[in-house]
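This is what each chain is made of:
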Amino acid sequence: MTSPRVIPIVDQRPPRPSRGRVPAPMASSRTGDLLLPDSLHALPPLDRLKRPLHDLRISVTDRCNFRCSYCMPKEVFTKDYPYLPHGDLLTFEEIARLARAFVSLGVRKIRLTGGEPLLRKNIEALIEQLADIRTPQGQPLELTLTTNGTLLARKAASLKAAGLRRATISLDALDDTIFRQMNDMDYPVAGVLEGIAAARAAGLGPLKINMVVKRGVNDHEIVPMARHFQREGLTLRFIEYMDVGATNGWRMDEVLPSAAVLERLQHAAAQGMLPALAPLERAAPGETAERWGYADGSAEVGFISSVTHAFCGDCNRARLSTEGQLYLCLFAHQGHDLRGLLRAGASDEDIAAAISGVWQERTDRYSELRASLPPESLGAMRPRIEMSYIGG
């Protein structure tokens, strides 16, 4: 087993993460071309808090063409920033092999992230490989992608043809001046709207639009965004500004709680600017967003409230970094080296067993713990992995 790589945090790298535990070989059965331990095939693992493994988020690049202050601030991610060399990145074949192991353990949904995933050359080839994977019951995966939308107008049709089922697009404002300031690359909002239209035309739906809300920066765009996407019939999700990574200068006073966002939408509805809103049932266990629907059935809004309403209790997500580190939480400070297992010649059986062993030891619930701590103590906590590296 090779030594794990150092993980990037700002311009330094933290202590080496622990390796995934590889149990002794077990009897196996075959599902497709993946050799699975019988016990794993029969009983998907639960973590220490009895949470199953259902969603896998795969970061395919640590690069992005935006410099949003809440994710990749320009003063840190300069032209001299030490991005991962190409040889350190997982190949598409390695990603697909790991994905099959995760699917054998219960994963049913895979989301490609970054950085900006559409910057990864020939990403369609990876999507084709992932789209061919079937669950032990023979069902296809829910294969999705999160993007800033800048390349969607050009790539939406080819992504759909490769097997991508749907897309989520990040857009933090409709006001062009505010949007250019937030992406810090002077990119116009019209380009993202063009990408959304192309994704819709290609059938990458149902589309979801993500808006990160920062108090005093773009919170005045809440109602205009809601009105626009309600008319478009698309789901808009409001995300509380989170303390992800170590470089975004997060402060609690810049967080606008989801409850306050909902209050603004309800006030707009009372003024006749929007249809009335009513709460909806969760789409599936472990979903991050609290759902509300417009009374006329035109669209939905969602609230992702990691800061004020932690949803750790049924979190069923794992994250695979660009260079093959397995993370168990968005707010993690270390990972488990799966690339090392792959490149040291580990069998499919051992890789599945390693993932299962790591998951069964999982106790992560950062957001719940943060809620119990005074704000002044948060800065003293261990530095966390940057979101551009681990994927959002």
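Residues numbered from 1 in each chain as written. Predicted model: local features only at pLDDT ≥ 70, side-chain atom pairs only at ≥ 80, totals over all residues. Heavy atoms only, no water.

1. Description of the overall build of the chain
Argument step 1. Regarding its fold elements, the chain presents twelve helices and 14 strands.
Argument step 2. Evaluated residue by residue, the chain yields a buried proportion of 55% over its 392 residues.
Argument step 3. By sequence separation, contacts in the chain at least 24 residues apart represent 73% of the contacts at least 6 residues apart.
Argument step 4. Working note: accessible area of the chain is about 16,300 Å², and carbon and sulfur atoms make up 52% of it. (Helix = DSSP H or I, 4+ residues; strand = E, 2+ residues; numbered from the N terminus. Buried < 20%, exposed > 50% of the residue type's maximum accessible area, 1.4 Å probe, protein only. Contact = heavy atoms within 4.5 Å. Areas by Shrake-Rupley, 256 points an atom, 1.4 Å probe, with all protein chains shown as cover.)

2. Focus: the packing of helix α7 (residues 222–232) against helix α8 (residues 258–270)
Argument step 1. Their axes nearest at 10 Å, the elements α7 and α8 cross at an angle of 65 degrees. α8 is crossed by α7, and the crossing has right-handed handedness. Between α7, through Ile222, Val223 and Ala226, and α8, the contact on the second element is made entirely by Val261, Arg264, Leu265 and Ala268.
Argument step 2. Grouping the amino acids of the contact of α7 with α8 by side-chain chemistry returns six nonpolar, no polar and one charged. (Axes fitted to C-alpha atoms, helices over the stretch in contact; angles between N-to-C directions. Left-handed = near helix turned anticlockwise from the far one by under 90°. Nonpolar A, V, L, I, M, F, W, Y, C, P; charged D, E, K, R; others polar.)

3. Quick word on the side chain of Asp337
Argument step 1. Of note, Asp337 is situated in strand β14 (residues 336–337).
Argument step 2. We note that Asp337 is buried and unpaired, the nearest opposite charge coming from Arg339 at a distance of 4.8 Å.
Argument step 3. Among the polar contacts made by the side chain of Asp337, one reaches the main-chain amide nitrogen of Gly340 at a distance of 3.2 Å. (Lys, Arg positive; Asp, Glu negative; His and termini not counted. Salt bridge = Lys/Arg side-chain N within 4 Å of Asp/Glu carboxyl O. Polar contact = N/O pair within 3.5 Å; in protein donor to acceptor, adjacent residues only side chain to side chain.)

4. Side note on the pattern of salt bridges
Argument step 1. Evaluated as defined, the whole model comprises 17 salt bridges.
Argument step 2. One network of salt bridges, with partners in common, ties together Asp47, Arg51 and Arg362.

5. Regarding the environment of Asp176
Argument step 1. Topologically, Asp176 is positioned in helix α5 (residues 176–183).
Argument step 2. Each residue touching Asp176, except ones within four places of it in the same chain, is listed here: Pro188, Val189 and Ala190.
Argument step 3. Within the structure, the side chain of Asp176 is placed 2.8 Å from the backbone nitrogen of Val189, a separation counted as a polar contact.

6. With respect to the packing of helix α2 (residues 92–104) against helix α3 (residues 123–131)
Argument step 1. The contact between α2 and α3 brings their axes to 10 Å, and the two run at 25 degrees. If you check the angle between α2 and α3, you find them roughly parallel. For the pair α2 and α3, the crossing hand works out as right-handed. Of the residues in α3, those in contact with Phe92, Glu93, Ile95, Ala96 and Ala99 of α2 are Ile123, Ala125, Leu126, Gln129 and Leu130.
Argument step 2. Here the residues of the contact of α2 with α3 are counted per class, giving eight nonpolar, one polar and one charged. (Parallel < 35°, antiparallel > 145°, perpendicular 65-115°, else oblique.)

7. Points about the environment of Lys160
Argument step 1. Relative to the helices and strands, Lys160 resides in helix α4 (residues 152–162).
Argument step 2. For Lys160, a relative accessible area of 33% gives the class partly exposed.
Argument step 3. Taking the C-alpha atoms as reference points, Lys160 and Ala202, separated by 42 residues in sequence, lie 6.5 Å from one another.
Argument step 4. In this structure Lys160 touches Arg165, Ala202, Gly203 and Leu204, once residues within four positions along its chain are discounted.

8. Quick notes on the layout of surface pockets
Gaps left between atoms are located by rolling a probe of water-molecule size over the structure's atoms.
Argument step 1. Of the volumes computed, that of the second largest pocket is approximately 300 Å³.
Argument step 2. Taken together, 18 residues form the lining of the second largest pocket, with Pro206, Lys208, Thr235, Arg291 and Glu300 sitting closest to its centre.
Argument step 3. For the lining of the second largest pocket, the residue count by class is eight nonpolar, four polar and six charged. (1 Å grid on protein atoms, 1.4 Å probe; cavity = no way out; pocket = protein on both sides within 12 Å on 5 of 7 lines; lining within 4 Å. Points joined across faces, edges and corners; volume = space filled by probe spheres on them.)

9. Focus: the sheet that holds β14
Argument step 1. Pairing in this open sheet of twelve strands is mixed, and the strands run β9-β10-β11-β8-β7-β6-β5-β4-β3-β12-β13-β14 from one edge to the other. Edge positions in the sheet fall to β9 (277–279) and β14, since each has one partner strand and no second.
Argument step 2. With four bridges joining them, strand β3 (residues 55–59) and strand β12 (residues 317–320) adopt parallel strand pairing. When the sheet's bridge partners are listed, Leu56 is paired in β12 with Ala318.
Argument step 3. Where α8 meets the sheet, its contacts fall on β8 (235–240), β9, β10 (290–294) and β11 (300–304), and the angle it forms with β11 comes to roughly 160 degrees. (Pairing = 2+ DSSP bridges.)

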